[in-house]
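# Examination of the molecular architecture
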Amino acid sequence: ARPLYGAGITTLDPRTQLTGCALVCQAHAEFSRTVLGLAPTAAIGLSSGETNSLLAFGVWRDLEEMLGEIEASGMYGEQLTGSCRVAAVDWGLGDQAAPWECWRVTAPRAEIEAALDREPHAYMTIVQAPDDCVIGGDPAACKRVIDAVPGAAAIPLGLDMVIHCSAMDPFADTWRAIHTRQAHVAAGVRFYTNAGNRAYVPTSEAAAAAITQQAVEPIDFPATILQAYEDGVRVFVEHGPRAILTGSI
């Protein structure tokens, strides 16, 4: 973190963490295309990676304006992180803050889903691989899910955010408005979305709809990758921090 944020950084709030990851992703994309001379024909993102792919290829060109709208919405600290007001609304807690944690769990997907079925305040948020998933929700509920799966290994995700689940529904209209942006054509690039696990043409409305759908529903990344493979994609180059998705693919 220090090379990105300065020597004085000790902890990263969610907004700073996500903008930092976006910076790394955009820098990697620029390096790949201008220095290495790669010419990608497909763009596949996971979570904020869908947004970053649109920015990297110039479909969206107003990042600063979008960040201003995000700040004004209270997304970080109030709505989707921190107090997690959207979860509080969804759970009927009134004006109380909602406790929320996200965990990366290594165990068979079906066993995690079976344990989640017994916990209405815990959710499957991302399937990264058939035995590598992310869950989120009430901390006590998440702990019960992890404890219920024999042999499960779990680590904190490092970003506790109400996203990729139905608890985010109260914020969906605001989210869609933030992600409804002027769209430009990126010739020669086929874009994929985890909303329906398919390729699509990212017009202003289509991109907003796709990014909103994958915000209120869990992401099935393997399904998207398998569809891309069926469509002919054979070489994957990961951009952004770490290499988790390289392992998943």
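Placed above this text is the structure.
I will try to describe carefully the structure that is included in this document.

Scoring rules and cut-offs
Residues numbered from 1 in each chain as written. Predicted model: local features only at pLDDT ≥ 70, side-chain atom pairs only at ≥ 80, totals over all residues. Heavy atoms only, no water. Core = buried A, V, L, I, M, F, W, Y, C linked by side-chain atoms within 4.5 Å. Buried < 20%, exposed > 50% of the residue type's maximum accessible area, 1.4 Å probe, protein only. Helix = DSSP H or I, 4+ residues; strand = E, 2+ residues; numbered from the N terminus. Contact = heavy atoms within 4.5 Å. Salt bridge = Lys/Arg side-chain N within 4 Å of Asp/Glu carboxyl O. Pairing = 2+ DSSP bridges. Polar contact = N/O pair within 3.5 Å; in protein donor to acceptor, adjacent residues only side chain to side chain.

## What about the nonpolar core?
Ranked by internal contacts, the top residues of the largest apolar core, which has 43 residues, are L80, W100, V162, M168, W175 and F191. For this core, the secondary-structure elements that each account for two or more residues are α2 (14-35), α3 (48-56), α4 (63-73), α6 (85-90), α9 (172-178) and α10 (204-216). At 5 residues, the largest contribution of residues to this core is made by α10. The contacts of L80, once residues within four sequence positions are left out, are M75, V86, D160, M161, V162, M168, F171 and W175. Counting residues in hydrophobic clusters, the runner-up holds 15 residues, among them A107, M124, C142 and V149.

## Side note on the pattern of salt bridges
What the rule picks out here adds up to 9 salt bridges. Residue R181 is joined to E65 by a salt bridge in which the shortest nitrogen-to-oxygen separation is 3.8 Å. In this pair, R181 sits in the loop between α9 and β6 (190-193) while E65 sits in helix α4, placing the two residues 116 residues apart along the sequence. The class for R181 is buried, based on a relative accessible area of 4%. Note that D220 is salt-bridged to R109, the shortest N-O span being 3.2 Å. Of the two residues, D220 is situated in strand β8 (residues 219-220) and R109 in helix α7 (residues 109-116); the sequence distance between them amounts to 111 residues. Residue class for R109 comes out partly exposed when judged on its relative accessible area of 28%.

## Overview of the pairing of β6
Pairing geometry for strand β1 (residues 42-43) and β6, over 2 bridges, is parallel. Within β6, the position partnered with A43 by the bridge is F191. Between the antiparallel neighbours β6 and strand β7 (residues 198-200) lie 4 residues, among them G196 with a positive phi of about 95°.

## A word on the sheet that holds β1
Strand order in this open sheet of 3 strands is β1-β6-β7, and the pairing throughout is mixed. The sheet is open, and its two borders are formed by β1 and β7, each paired with just one other strand.

## Quick look at the side chain of D132
Mapped onto the elements of the fold, D132 is located in strand β4 (residues 132-137). For D132, the side chain forms a polar contact with the side chain of R104, separated by 2.6 Å. In this structure D132 touches R104, V105, A107, I126, V127 and S248, once residues within four positions along its chain are discounted.

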